Amino acid sequence: MLHVVILLACAIAIYLSCEWFVNAVEWLGVRLKVGPLAVGTLLAAFGTALPESVVTFVAVVFGSGAQQKDIGVGAAMGGPLALATVAYGVTGFVLLTRRRKVQAAARTATPVGAGAAATASPDLPDEAPPREDLGDVRKLARDQRWFLAIFVVKVAVGLVAFAFKPWLGLLFFAAYAVYFWRELRDGGEHGDGADLEPLLLQRRREVPATWAVVTQTLVTLVIIFFASQLFVHQLDAIGPMIGLSASVTALLLSPIATELPEIMNAIIWVRQGKTPLALANISGAMMIQATVPSGLGILFTPWRFDHALLLAGVVTMAAMVYLLAMLWKGRLSGRTLTVAAVFYAIFGLCLIPVLS
């Protein structure tokens, strides 16, 4: 019971911290003169992906045994899987729920005299939300193609052994450097903060002080980091109690915990009507997860995949192919995004016999 209570307390702490973080990071983008999409793909993604990247770094660089290094490799594979499936699925579910609430509110607000006209005009289908809700889908498709290309190489490297494999880790760092530079260039024109909510640390000031923006950003990141790690430790303790092995817990439950900040950010931004920022945060975090932790793993471990890690890679790629197909057909919506979570369920069903 104590583990469950701590687990719930950590989830609440992460959600509240993410509310303060997304509020601060938008103002940080104004201060740094960064475009709105770059706020999601770079600033927010870097902040929320930093904790698990640090965990991977400590595990693969300072880990004293093969088991600790395997934990780092598992985190490098589990993170992208959770983002490509659970994070997009939750975003789609919240987007679909918000759309239905807006439609219900619109029907309630329809004047009495306009009842016949409202009845005559068909409702917009749930599977075709307004384009502006999703932002620049072409850019999103381009980001996902980048991720999929890098991820395929990442998985292929884990299936073979050769002498100069560790040096390939540097190429993954270089790939993220190119992505970072491109996002800064194509992030759009930066705003002046006129359309942003007041900084929560300085609610009465129309334009917050720079020190307040930086302080709120750093403090919330620290809270998110420690709450996420405590969340993972509670899952590690609860897993065996409910009959799950340590391996299943590490590959099935822990990735959701480590990616919880990105999921919380997505929920908050979608609820605020800023779905493009939510999608940009997930795609940016995926690029970090595909390059930085992987580069560390390739540099400091043998980077050889077992059946469970290979399964995680295959399911992640399948989820990305599905997402790109929806983008190519112009059918990306709250409903089709929600389907992405099914891939994680498939992974869980296939994982148990693989590990047994």
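What you are looking at is a predicted structure, and each value in this text was computed from that prediction instead of being measured. (Residues numbered from 1 in each chain as written. Predicted model: local features only at pLDDT ≥ 70, side-chain atom pairs only at ≥ 80, totals over all residues. Heavy atoms only, no water.)

J.: Quick question: what am I supposed to make of the overall build of the protein here?
T.: Helix and strand counts for the protein come out as 13 helices and zero strands. Reading the protein from its N terminus to its C terminus gives the helix and strand order α-α-α-α-α-α-α-α-α-α-α-α-α. Counting over 356 residues, the protein shows a buried share of 51%. Long-range contacts, defined as pairs at least 24 residues apart, comprise 85% of the intrachain contacts of the protein with a sequence gap of at least 6. Of the accessible surface of the protein, which amounts to about 16800 Å², a share of 70% is contributed by carbon and sulfur atoms. (Helix = DSSP H or I, 4+ residues; strand = E, 2+ residues; numbered from the N terminus. Buried < 20%, exposed > 50% of the residue type's maximum accessible area, 1.4 Å probe, protein only. Contact = heavy atoms within 4.5 Å. Areas by Shrake-Rupley, 256 points an atom, 1.4 Å probe, with all protein chains shown as cover.)

J.: How should the nonpolar core be read in this particular structure?
T.: A general tendency of soluble globular proteins is for nonpolar side chains to be buried together. With 91 residues, the main nonpolar core has Tyr88, Met286, Met320, Leu327, Leu332 and Phe347 as its most contacted residues. Looking at this core, the element that brings in the most residues is helix α11 (residues 307–329), giving 13 residues. Counting eight residues, the second largest nonpolar core, distinct from the first, contains Trp27, Leu28, Val30 and Leu199. (Core = buried A, V, L, I, M, F, W, Y, C linked by side-chain atoms within 4.5 Å.)

J.: For this particular structure, what's the right way to read helix α9 (residues 260–271)?
T.: Quick reminder: α-helices carry 3.6 residues per turn. Residues three or four places apart thus point the same way. Spanning 12 residues, α9 covers 17 Å between terminal C-alpha atoms, matching the ideal 16 Å at 1.5 Å per step. Counted residue by residue, α9 has 11 buried out of 12 residues, so it is predominantly covered. Buried within α9 are the following residues: Leu260, Pro261, Glu262, Ile263, Met264, Asn265, Ala266, Ile267, Ile268, Trp269 and Val270. Immediately downstream of α9, the backbone of glycine 273 shows phi near 80°, a positive value. (Expected span 1.5 Å × (residues − 1).)

J.: I would appreciate a short explanation of unusual backbone geometry in the present structure.
T.: A negative phi angle is the norm for most residues apart from glycine, just as the trans form is the norm for most peptide bonds. One non-glycine residue, tryptophan 303, lies in the positive phi region at around 50°. Using a relative accessible area of 1% as the deciding quantity, one classes tryptophan 303 as buried.

J.: I would appreciate a short explanation of the side chain of lysine 139 in the present structure.
T.: Mapping lysine 139 onto the fold places it in helix α5 (residues 137–157). Engagement of the side chain of lysine 139 in a polar contact is seen with the side chain of glutamate 183, the distance being 2.8 Å. Discounting residues that sit within four places of it in the chain, lysine 139 has contacts with Leu37, Thr41, Glu183 and Asp186. (Polar contact = N/O pair within 3.5 Å; in protein donor to acceptor, adjacent residues only side chain to side chain.)

Coordinates in, geometry out; function isn't part of it.
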